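So you can see what is in the structure, the chains are spelled out below.
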Amino acid sequence: DFQPFQRKYTSDIIKIQEIERQVKIMEELLDTYEIFRDTEVVGQDLQDEKRPGDASQIIDAIGKDIGDAYKKLKEQANVEQELKKQLSQQEDSIRVLQQIDQFLQAENEAQAMLRQQRDQQMAVQSGARSDNRSPSSVPLLEVTDADQRDVGFKYFAGVVTIGQRVSFERQIFLTSRGNSFIQFDETGDNDDDKIPFVVFFLGDQLKRSLKRLCQFMNIQICYESDDQRSREELLQEANSKRNDFYRIHNATSNQLERDMKDVSQQMKRWKIALLQEKAIRITLNKFSINQGNNFLRAEGWCPTASQDLIREILDDVTKNKGVGAPVVQPANPRGSPIVPTHFETNEFTASFQAIVNTYGVPRYKEFNPAVPTIMTFPFLFAVMYGDIFHGSFVCMAGIFLCICASCFGAKESRNENVKSFVEARYVILLMGAFAIYCGLIYNDCMSIMINGFNKSQWGYGIDTSEQGGNSVVLFQRGTGGTGVYAFGIDPVWHGLDNQLFYANSLKMKLSVIIGVTQMTYGLFLKLSNHIQEGDMISIFFEFVPQFLFMMSFFGYMCFLIIYKWCIDWRTSTLPATPSLITVLIKMILGIGTITPETQVFENANFQKTLQEILVLIMGISIPWMLVFKPLLLRSKHNREMAARQIHGVVDEEQPAIQQGGGGYGQLLDEEHGDVDDDEREEKYQSSEKKAGGGGGHGHGEEFEFSEIVIHQLIHTIEYVLGTISNTASYLRLWALSLAHSQLSEVFYNQTIGGAMGMAGKATAGQIIQNVASQFIFLMATIGVLLVMDVLECFLHALRLHWVEFQNKFFYADGIPFKPFS
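These lines cover the structure that appears in this document, whether it is placed above or below. (Residues numbered from 1 in each chain as written. Predicted model: local features only at pLDDT ≥ 70, side-chain atom pairs only at ≥ 80, totals over all residues. Heavy atoms only, no water.)

## Describing the overall build of the protein
- Helix and strand content of the protein: 23 helices and 8 strands.
- Intrachain contacts of the protein at a sequence separation of at least 6 include 77% that bridge at least 24 residues.
- Here the protein displays about 47,600 Å² of accessible surface, and carbon together with sulfur accounts for 57% of that area. (Helix = DSSP H or I, 4+ residues; strand = E, 2+ residues; numbered from the N terminus. Contact = heavy atoms within 4.5 Å. Areas by Shrake-Rupley, 256 points an atom, 1.4 Å probe, with all protein chains shown as cover.)

Written out as structure tokens, the structure reads:
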């Protein structure tokens, strides 16, 4: 193994990165000068662009072209900026020279103020010649005899930016110690963020200090009072220079724009070529080179079905290139023994696979949870969101997204939100279709039951018997009172006092049945994984007791629910109506006792014996899970260690994967004999160290019986408690379905239902109230039921899949297969 900087093609990669830096700077220049560029590179561009035949010199050729273009654009841009700066300076000078007369109107006022300050300072200075003068009596600016000869009223003018104005004014005051007067043009046009100014002062000494300050703050001085030439002459010269700079700047800008447009047309091609070459060299750096530099060797993964395609591609790219034919053959790669996982997906299955991969990637050859998720995920969503009206909107949204993807190219949208919804269009479509299906079962359409199919099989009549007393009663239609509504809940329940109690009971029991069924299905998927792995210990001492524990309590509970639904209470001889919750509690706490409140079967002794057997199975299954598997793993490990001590730790003639070690076997270079003896000996010693850790527990780790016991204990406790908590978690199906139906009922009754229920002749107020009620109903339906509730049910369906369902069989610790792109 080599460090990255030691690999052969690292220098080329560094060179390409330097060229890419130049390309990035040129892109910034194009953006600065607002030159249109279409330089965004996508994956399809890399596939469509063909590499030239002389690809060996492509980096040097592209580097020369880009380097020349970069140097040319950089120089021209610098010249253009310098010309623009000089043009701006000349325009500022013209502006100041044209306005200097306005500034000089305050000259007399400034001159009088400054001369008065000078006279006061001279008087203080002449009266303080004694040696015992205090520091407080020293003037801020002493005026000597030599200074008196040089003192004269002076000024200079220039421009300052708005951002510098306050700090410049303050620094002028501090530098001159108050012996100056500054004035700004407050009435001028400040669109260019610059303000003309003039500073009045006395003496050449102060002039030098103030000019140094302007130079330090990068402030332009356009005119000085000591200038020998007149302002008219300076103004004429400035106008001439401005015209010259303007012509030169325009010519330079036009030429720069033409050059930038030429570069922008080639930039995308350059970027594609650079990305291709860099990706190729990054990949080549992963190849190993033998000592003679005769061939490259790479080890990696590919789908089994793609081997022929890879051979064809390699043959095509090496044909007539003067190199040997490439060889592709199965090998045992070095490095991690974890095989990456790859699934072939299409537009329909990709979204469901993404739902699973968000939680974790399946191991290699592990059952893929995305297969059942295609049906179970939208179904669980629909159980919580079952409504014919609202489900229709979700279904129509899915149809609309499918049409947009097929006819309007929405799949290629650059808006990430739009693209995400389009990719999930089939998930949304199935969610809506299943929501309509469950809405038909619940007979729920905006909290209104539909009297469709074969009409309600219950009717109202008058009981004329002596016991009835001519009271209104419900009777069941059909021959002998056996009529049944064709599909779903009979609409007769709508509006009854016990409608909510009946719906809650039904949905709660359906939630439990669905949850136990799905978890049991997860256990059988776990069985398929164990069969695939050949792990018979886990089958008999993990799956079997887990299945028995699940069926002995929760399976029995589901059976009781369905059995109780099938009882004809008109002919039943049971002493009382049993409560299933009480039956299950007494089954555990009161083993062997059947009371009238807990009797479900006609034969109480049969129920007693059955429940005793089920409780016994529950009790046996827990130590079955806990004890046997760790003991069997230790026994298997001891047998393997004894066999190795007898036959030798490692047999060189057998691959390591057959020896129970931690690797995949001998490497490709060992098979071809191009590894020296020292390297083979080093690998041999490494295999010896790993050989003791195989056993039945896996992956070449050292076998620790205590860790195995602790792991199995945690796993057993987690499963036993998890079956209870997971079953309770499935009650969210009932809770969210109840919430959805009640919200629908409240929104309807408090808006449209209340408005339509108003009696009397329609008035203007009633019409306004009706329109307002419809608007409120529409907003509440869209905002709460079609947005928030959809998102809520979607998240809870995710939770049920990721936690309650997949934890029964899904390891979720695989590595995704990432093909070279």
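Anyway, onward from the coordinates.
## Notes on the packing of aromatic side chains
- Within this structure, the stated rule accounts for 33 aromatic pairs.
- Considering the side-chain rings of Phe 379 and Phe 434, the 6.1 Å spacing of their centres and the 80° angle between planes classify their relative orientation as edge-to-face. Residue Phe 379 is located in helix 11 (residues 370–385), and its partner Phe 434 is located in helix 14 (residues 425–442); the two are separated by 55 residues in the primary sequence.
- Classification of Phe 379 as partly exposed rests on a relative accessible area of 25%. (Phe/Tyr/Trp six-rings, centres within 6.5 Å; stacked < 30°, edge-to-face > 60°. Buried < 20%, exposed > 50% of the residue type's maximum accessible area, 1.4 Å probe, protein only.)

## Some words on the environment of Ile 338
- Checked against the element boundaries, Ile 338 lands in the loop between helix 9 (307–318) and helix 10 (350–359).
- By relative accessible area, Ile 338 is classed as partly exposed at 44%.
- Note: C-alpha distance between Ile 338 and Arg 363 (25 residues apart in sequence) is 8.5 Å.

## Regarding the pattern of salt bridges
- All chains considered together, the criterion is met by 26 salt bridges.
- Where Lys 194 meets Asp 92, a salt bridge forms, and the shortest distance between an N and an O atom there is 2.9 Å. Linking Lys 194 in strand 3 (residues 194–202) with Asp 92 in helix 3 (residues 58–104), this pair joins segments that are 102 residues apart in sequence.
- Owing to a relative accessible area of 3%, Asp 92 belongs among the buried residues under this scheme.
- Two residues, Asp 244 and Arg 247, come together in a salt bridge whose shortest N-O distance is 2.4 Å. Of this pair, Asp 244 and Arg 247 both sit in helix 8 (residues 231–284), 3 residues apart, which is roughly one turn of the helix.
- For Asp 244, a relative accessible area of 32% gives the class partly exposed.
- Through salt bridges that share partners, Glu 27, Asp 31, Arg 37 and Lys 271 make up one connected network. (Salt bridge = Lys/Arg side-chain N within 4 Å of Asp/Glu carboxyl O.)

## Quick look at the sheet that holds strand 1 (residues 153–161)
- An order of 2-3-1-4 is seen for the 4 strands of this open sheet, with the pairing classed as antiparallel. Edge strands, defined here as strands with exactly one partner in the open sheet, are strand 2 (180–184) and strand 4 (220–224). Across the sheet, the axes of successive neighbouring strands diverge by a mean angle of 25°, strand direction being ignored.
- Taken together, the 4 bridges between strand 1 and strand 4 define a ladder with antiparallel strand orientation. Paired with Gly 158 across the two strands is Ile 221, which belongs to strand 4.
- Across the sheet, helix 3 is in contact with strand 1, strand 2, strand 3 and strand 4; its angle to strand 3 comes to roughly 55°.
- The sheet strands contacting helix 7 (residues 204–216) are strand 1, strand 3 and strand 4, and the helix crosses strand 3 at an angle near 155°. (Pairing = 2+ DSSP bridges. Axes fitted to C-alpha atoms, helices over the stretch in contact; angles between N-to-C directions.)

## Re the nonpolar core
- Grouped together as the largest cluster of nonpolar side chains are 68 residues, with contacts concentrated most on Leu 560 and Leu 733.
- The element contributing the most residues to this core is helix 16 (residues 536–565), with 11 residues. (Core = buried A, V, L, I, M, F, W, Y, C linked by side-chain atoms within 4.5 Å.)

## Comments concerning the packing of helix 18 (residues 604–647) against helix 21 (residues 705–729)
- At a minimum axis separation of 9 Å, helix 18 and helix 21 run at an interaxial angle of 155°. As judged from the angle between their axes, helix 18 and helix 21 are roughly antiparallel. You can see that helix 18 and helix 21 cross each other, and the crossing is right-handed. Here helix 18 contributes Ile 622, Met 625, Leu 626, Lys 629, Pro 630, Leu 631, Leu 633 and Arg 634 to the contact with helix 21, which in turn contributes Phe 705, Ile 708, Val 709, Gln 712, Leu 713, Thr 716, Tyr 719 and Val 720. (Parallel < 35°, antiparallel > 145°, perpendicular 65-115°, else oblique. Left-handed = near helix turned anticlockwise from the far one by under 90°.)

## Here's the deal with unusual backbone geometry
- Positive phi outside glycine occurs at Asn 443, with the angle close to 50°.
- Mapped onto the secondary structure, Asn 443 falls in the loop between helix 14 and strand 7 (458–463).
- Not every positive phi belongs to a glycine, and Ser 447 is a case in point at roughly 70°.
- Judged by its relative accessible area of 13%, Ser 447 falls in the buried class.

## Some remarks on helix 14
- Taking 1.5 Å of rise per residue, the 18 residues of helix 14 would be expected to cover 26 Å, and the 25 Å separating its terminal C-alpha atoms lies within 8% of that figure.
- When we look at burial in helix 14, the residues that qualify are Arg 425, Val 427, Ile 428, Leu 430, Met 431, Gly 432, Phe 434, Ala 435, Cys 438, Gly 439 and Tyr 442.
- In the stretch just after helix 14, Asn 443 is the one whose phi turns positive, near 50°. (Expected span 1.5 Å × (residues − 1).)

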